[in-house]
Amino acid sequence: YPNESKFSLRMGKIHDMDNEFNESINDFLDATEKAVTAGIGNMKKEDMTEIIDASLTVGKRMMRQLNIQEMKFDSFSQGSNADVMLKSIRKNNAQLRTTLERLSQKYPDEADLLNKIAVTYRRTGEYHLAEEFYKKALSLEPENVVILINYAMCLAATNIFGQATAIIEEANKYEVYSAEEQE
């Protein structure tokens with residue numbers, strides 16, 4: 001893929017390794033923007049997926065650092081470091097969702113893309129939309145442990161614990177993954 005996008009991706013990974021999350025997110029936003037500008041149709045799915053996965057991962061780390069499960073708009077004092085981080089995560093999440101939706105139009109049978117769209121909805125607390133995308137993804141890959149675990153987490157976040165537990169039990173029939181491997 002284009003050198004500019006690759007450079008931004010690499011810088012984002014370096015910033016992530018150095019726990020410079022805001023810089024990392026900005027690099028990944030830049031990489032995504034440059035890749036989209038180059039045209040999703042001209043990009044290999046694997047190249048876009050690498051950018052998306054790195055960006056989702058750093059967003060997840062930032063959310064853990066802030067000790068939040070979803071991106072609520074009034075979570076922190078305006079202008080605080082936490083508020084700035086949250087705004088970066090929101091911007092990243094919105095751009096990822098748009099990119100993922102465009103990719104899923106090109107690759108409609110890719111359960112992984114649908115799962116990642118669901119993750120972006122779950123992170124913003126739009127659980128009903130997340131659930132729709134998890135169900136679509138599971139209709140394509142009903143034994144996908146990562147998607148099952150993510151769907152269960154979505155249900156648990158909305159206090160549907162019985163169904164979440166049943167889904168986790170279902171996931172355990174197929175293969176056991178650590179919590180770090182989901183999303």
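How each quantity is defined
Residues numbered from 1 in each chain as written. Predicted model: local features only at pLDDT ≥ 70, side-chain atom pairs only at ≥ 80, totals over all residues. Heavy atoms only, no water. Helix = DSSP H or I, 4+ residues; strand = E, 2+ residues; numbered from the N terminus. Rg over C-alpha atoms; globule rule 2.2 N^0.38 Å. Buried < 20%, exposed > 50% of the residue type's maximum accessible area, 1.4 Å probe, protein only. Axes fitted to C-alpha atoms, helices over the stretch in contact; angles between N-to-C directions. Parallel < 35°, antiparallel > 145°, perpendicular 65-115°, else oblique. Left-handed = near helix turned anticlockwise from the far one by under 90°. Contact = heavy atoms within 4.5 Å. Core = buried A, V, L, I, M, F, W, Y, C linked by side-chain atoms within 4.5 Å. Polar contact = N/O pair within 3.5 Å; in protein donor to acceptor, adjacent residues only side chain to side chain. Nonpolar A, V, L, I, M, F, W, Y, C, P; charged D, E, K, R; others polar.

> Can you help me understand the overall build of the chain in this one?
The secondary structure content of the chain amounts to eight helices and zero strands. The order of α-helices and β-strands along the chain, N terminus first, is α-α-α-α-α-α-α-α. By the compact-globule yardstick of 16 Å for 183 residues, the chain fits well, its C-alpha radius of gyration being 16 Å. With respect to the principal axes defined by its C-alpha atoms, the chain has extents near 45 × 40 × 25 Å. Counting only residues that meet the buried cut, the chain has 47% of its 183 residues in that class.

> In this structure, what is going on with the packing of helix α1 (residues 3–17) against helix α3 (residues 45–66)? I would like to understand it.
Two numbers describe a pair of packed helices, the interaxial angle and the distance between the axes. In contact at an axis separation of 11 Å, α1 and α3 are set at 25 degrees when each is read in the N-to-C sense. Taken together, the axis directions place α1 and α3 in an arrangement best described as roughly parallel. The crossing of α1 and α3 is left-handed. On α3, the residues that touch Ser5, Leu9, Lys13 and Asp16 of α1 are Glu50, Ile51, Ala54, Val58 and Arg61.

> I tried to follow unusual backbone geometry on my own but got confused; where do I start?
With the exception of glycine, the majority of residues adopt a negative phi angle, and the majority of peptide bonds are in the trans configuration. A positive phi is found at asparagine 19, a non-glycine position, where the angle reads about 60 degrees. By the secondary structure assignment, asparagine 19 is in the loop between α1 and α2 (21–38). The phi dihedral of asparagine 67 falls on the positive side, at around 60 degrees, and the residue is not glycine. Tracing the backbone shows asparagine 67 in the loop between α3 and α4 (81–106).

> Where do I start with the nonpolar core in this structure?
Side chains that are nonpolar tend, in soluble globular proteins, to be buried together. Grouped together as the largest cluster of nonpolar side chains are 50 residues, with contacts concentrated most on Leu66 and Tyr134. Contributions of two or more residues to this core are made by α2, α3, α4, α5 (111–123), α6 (127–140), α7 (145–157) and α8 (161–174). Ranked by residues supplied to this core, first place goes to α3 with nine residues. With near-sequence residues (within four places) excluded, tyrosine 134 lies in contact with Asn115, Ala118, Val119, Arg122, Ile147, Asn150, Tyr151 and Cys154.

> In this structure, what is going on with the environment of threonine 124? I would like to understand it.
For threonine 124, the position within the fold is in the loop between α5 and α6. For threonine 124, a relative accessible area of 25% puts it in the partly exposed group. Excluding its chain neighbours within four sequence positions, the residues that come into contact with threonine 124 are Glu70, Met71, Asn93 and Arg97. Within the structure, the side chain of threonine 124 is placed 3.3 Å from the side chain of arginine 97, a separation counted as a polar contact. Polar side-chain contacts of threonine 124 include one of 2.6 Å to the side chain of glutamate 126.

> How should I be thinking about the packing of α3 against α4 in this particular structure?
One way to put it is that α3 packs onto α4 with a least axis distance of 10 Å and a crossing angle of 150 degrees. One element, α3, and the other, α4, form an angle in the roughly antiparallel class. Between α3 and α4 the crossing geometry is left-handed. Where α3 abuts α4, its residues Met48, Ile52, Ser55, Leu56, Gly59, Met62, Met63, Gln65 and Leu66 lie against Ala82, Met85, Leu86, Ser88, Ile89, Asn92, Leu96, Thr99, Leu100 and Leu103. Along the lines of polarity and charge, the residues of the contact of α3 with α4 split into 13 nonpolar, six polar and no charged.

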